[in-house]
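Tertiary structure, described
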Amino acid sequence: MKHKTTEILVDATVQLYADLQEVAGLISRVLAKFPAETVPQILRPFLGAPRVAFARPSMTGDGKIMLQMDRRTQPYVMAWIPGEWLMMQESQLASAVREMYWSEKAHSAHRELIRLGKMIGEHNRQAEHHRARASEARREYDRLAASIRRSSARKSRSAEDASDG
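Okay, so let's go over this structure. Predicted, not measured: the structure shown is a model, and the values here were computed from it.

Section: the sheet that holds strand β1 (residues 51-57)
Hydrogen bonds between backbone atoms are what pair the strands of a sheet, whose relative direction is either parallel or antiparallel. With antiparallel pairing, the three strands of this open sheet are ordered in space as β1-β2-β3. The open sheet has two edge strands, β1 and β3 (77-82), and neither has a second partner. Averaged over all pairs of adjacent strands, the angle between their axes in this sheet comes to 30°, without regard to strand direction. Examined bridge by bridge, strand β2 (residues 64-70) and β3 share six bridges and lie antiparallel to one another.

Some details on the packing of aromatic side chains
The full count for this structure, using the stated rule, is three aromatic pairs. Relative to Tyr-101, the ring of Phe-34 lies with its centre 3.8 Å away and its plane at 15°, an arrangement referred to as stacked. Taken as a pair, Phe-34 in the loop between α1 (2-31) and β1 and Tyr-101 in helix α2 (residues 90-164) lie far apart in primary sequence, 67 residues in all. Pair check on accessibility: Phe-34 and Tyr-101 agree, each one buried. Since its relative accessible area comes to 16%, Phe-34 is described here as buried. Cluster of aromatic residues (ring-pair linked, three or more members): Phe-34, Tyr-101 and Trp-102.

Concerning the nonpolar core
Counting residues in each nonpolar core, the largest one holds 26 residues, and the members touching the most others are Ile-27, Leu-31, Phe-46, Leu-67, Ile-81 and Trp-85. Of all the elements, α1 adds the most residues to this core, at seven residues. Ignoring anything within four residues of it in the chain, the contact list for Phe-46 reads Ala-24, Ile-27, Ser-28, Leu-31, Leu-67, Met-69, Ala-79, Trp-80 and Ile-81.

A word on a positive patch on the surface
Together, Arg-149, Arg-150, Arg-154 and Arg-157 line one region of the surface with positive charge. Along the chain, Arg-150 falls in helix α2.

Description of the pattern of salt bridges
Taken as a whole and judged by the stated rule, the model has four salt bridges. With a closest N to O distance of 3.0 Å, Arg-125 and Glu-122 form a salt bridge. Residue Arg-125 and its partner Glu-122 are both found in helix α2; the two are separated by three residues, about one turn of the helix. In this structure, Glu-140 engages Arg-143 in a salt bridge whose closest nitrogen and oxygen atoms are separated by 2.6 Å. Here Glu-140 and its partner Arg-143 are both found in helix α2, three residues apart, which amounts to about one turn of the helix. Of the residues examined, Glu-140 reaches a relative accessible area of 35% and is grouped as partly exposed. Look at Arg-143 and you get partly exposed, because its relative accessible area is 48%.

What counts and what doesn't
Residues numbered from 1 in each chain as written. Predicted model: local features only at pLDDT ≥ 70, side-chain atom pairs only at ≥ 80, totals over all residues. Heavy atoms only, no water. Pairing = 2+ DSSP bridges. Helix = DSSP H or I, 4+ residues; strand = E, 2+ residues; numbered from the N terminus. Axes fitted to C-alpha atoms, helices over the stretch in contact; angles between N-to-C directions. Phe/Tyr/Trp six-rings, centres within 6.5 Å; stacked < 30°, edge-to-face > 60°. Buried < 20%, exposed > 50% of the residue type's maximum accessible area, 1.4 Å probe, protein only. Core = buried A, V, L, I, M, F, W, Y, C linked by side-chain atoms within 4.5 Å. Contact = heavy atoms within 4.5 Å. Patch = residues over 30% accessible without salt bridge, like charges linked within 9 Å, V, L, I, M, F, W, Y side chains within 5 Å. Areas by Shrake-Rupley, 256 points an atom, 1.4 Å probe, with all protein chains shown as cover. Salt bridge = Lys/Arg side-chain N within 4 Å of Asp/Glu carboxyl O. Lys, Arg positive; Asp, Glu negative; His and termini not counted. Charge placed at Lys NZ, Arg CZ, Asp CG, Glu CD.

Structural data, given as structure tokens:
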């Protein structure tokens, strides 16, 4: 009896890996329709038709499944998928992958927008500081130039007075 139970568990495990491989393959096919450089980091392990080498549930109890992907060109890569993806039909799964792609793209674009906004703000602060320093230097230059002109004018008047007298 124990032998039969083991067979059932082995068959279930083999079927689970086949299902996971099918899910990974579908995710890879959906992502192949997008330029690889635009695929968000969370989905990149699925590029290039990887093979599922190992799987386990998340230790945090968040319903995700951790997959260890064999991409043949590099060591194993870890990936996470929501557990509910295993229960979806192909069209639902493809839709969920596209939704995650666009959602991650929107988050990335928002983060980049915030980063650029901060960079522009810092640049503007630096530019304002440089403008203030340039204005201060310009005033100092004008003051020194006026002083030199006055001094030069005094010298030339004093030379004219000495030559007249």
